Amino acid sequence: MALVTTRAIVLKSIRWGEADRILTFFSLRLGKVRGIARGARRMKSRFGGMLEPFSSVNLTLFEKRRDGLASVSHADILEPFFAVRECLDRISAASRMVALVEGVTADRDPGPPIFHVLLDGLRSLVRTDDPGLLTLIFQMRVLGQSGFRPQLDHCVTCERDVGRTCMFSPAAGGLLCAACDRRCRDDGVPMSPGSVAFLRRARRMPFAVSMRLKAAGRVRHELEEMIDTYARTVVGKRLPERNLLAVEP
Ligand SMILES: [Zn+2]
């Protein structure tokens, strides 16, 4: 039995029983971890509004067994990210961010770089005027930090330069030259030289600097398609929609 205190971001919060919540956090010390907050839905709960999705908190967890559900014994809010929850475009972007982190990380496997990218991503989301592009850059960065770093330097199959006509193969996890693409008949995403250049440039930059990049028109469309398809392949399910208003009722 142990008490653990760590910084954490709320990825998901579901109602449980009469008054409790089961929460999924991405924490600095423990990585992805689930905990139950007893009485969190009561009017006078000691957790107040601290355990809303996207909140950054200082968390104390009580663990009976290392592999079981922890109990949330205390939480102090560090950054509530209210502004993220006030706008549908930002809610949609933040939902995609946390869904990707939840999907590409394993339980109890700490990943401080991913934690800091998530925190920087949410902070930038409050300021950006293009949540969609910020999410794209965030997703590329998280995939690059996870075990699913896409191969963008050369053809993932023959290792030759991909030339001007290439595809991104979600199944192979990287770029395919035209010859290899013809052979593998994968459902690849066509990539123009501009999109490949964008990905390579963004990857070399510190995350905070890469978020100032701009992408429009064909490049933007290709990147959205590529990241969506790849994230869906590695996570095994669709991420929340880019535009929540466009979701069919
Ligand atoms: Zn090839």
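Residues numbered from 1 in each chain as written. Predicted model: local features only at pLDDT ≥ 70, side-chain atom pairs only at ≥ 80, totals over all residues.

K.L.:
Where do I start with the sheet that holds strand β4 (residues 56-63) in this structure?
P.N.:
Through backbone hydrogen bonds, the strands of a sheet pair up, either in parallel or in antiparallel fashion. As summarised here, the arrangement of the five strands in space is β1-β2-β3-β5-β4, forming a closed barrel in which the pairing is mixed. For this sheet, the mean inter-axis angle between neighbouring strands, taken without regard to orientation, is 50°. Both strand β1 (residues 2-16) and β4 contribute to a ladder of eight bridges, which runs antiparallel. Residue pairing in the sheet places I9 in a bridge with S56 of β4. Where helix α2 (residues 88-104) meets the sheet, its contacts fall on β1, β2 (20-27) and β3 (31-37), and the angle it forms with β1 comes to roughly 115°. (Pairing = 2+ DSSP bridges. Helix = DSSP H or I, 4+ residues; strand = E, 2+ residues; numbered from the N terminus. Axes fitted to C-alpha atoms, helices over the stretch in contact; angles between N-to-C directions. Contact = placed C-beta atoms within 7 Å.)

K.L.:
Looking at this structure, I do not really get helix α3 (residues 112-127). What am I missing?
P.N.:
One turn of the α-helix equals 3.6 residues, which is why residues spaced by three or four share an orientation. Between its first and last C-alpha atoms α3 spans 23 Å; for 16 residues at 1.5 Å apiece the expected length is 22 Å, and the two agree. Those residues of α3 that fall on the buried side of the exposure criterion are I114, F115, V117, L118, G121, L122 and L125. Buried residues of α3, viewed axially, fall in a sector of 165°; they line one side. For α3, the exposed residues set more than 90 degrees away from the buried face come down to P112 and R127. In this fold, the buried residues of α3 make contact with β1, β2, α1 (82-85), α2, α4 (131-145) and α7 (207-210). (Expected span 1.5 Å × (residues − 1). Buried ≥ 20, exposed ≤ 12 C-beta atoms within 10 Å, placed from the backbone. Arc of directions from axis to C-beta.)

Functional significance is not addressed by these values, which are geometric in nature.
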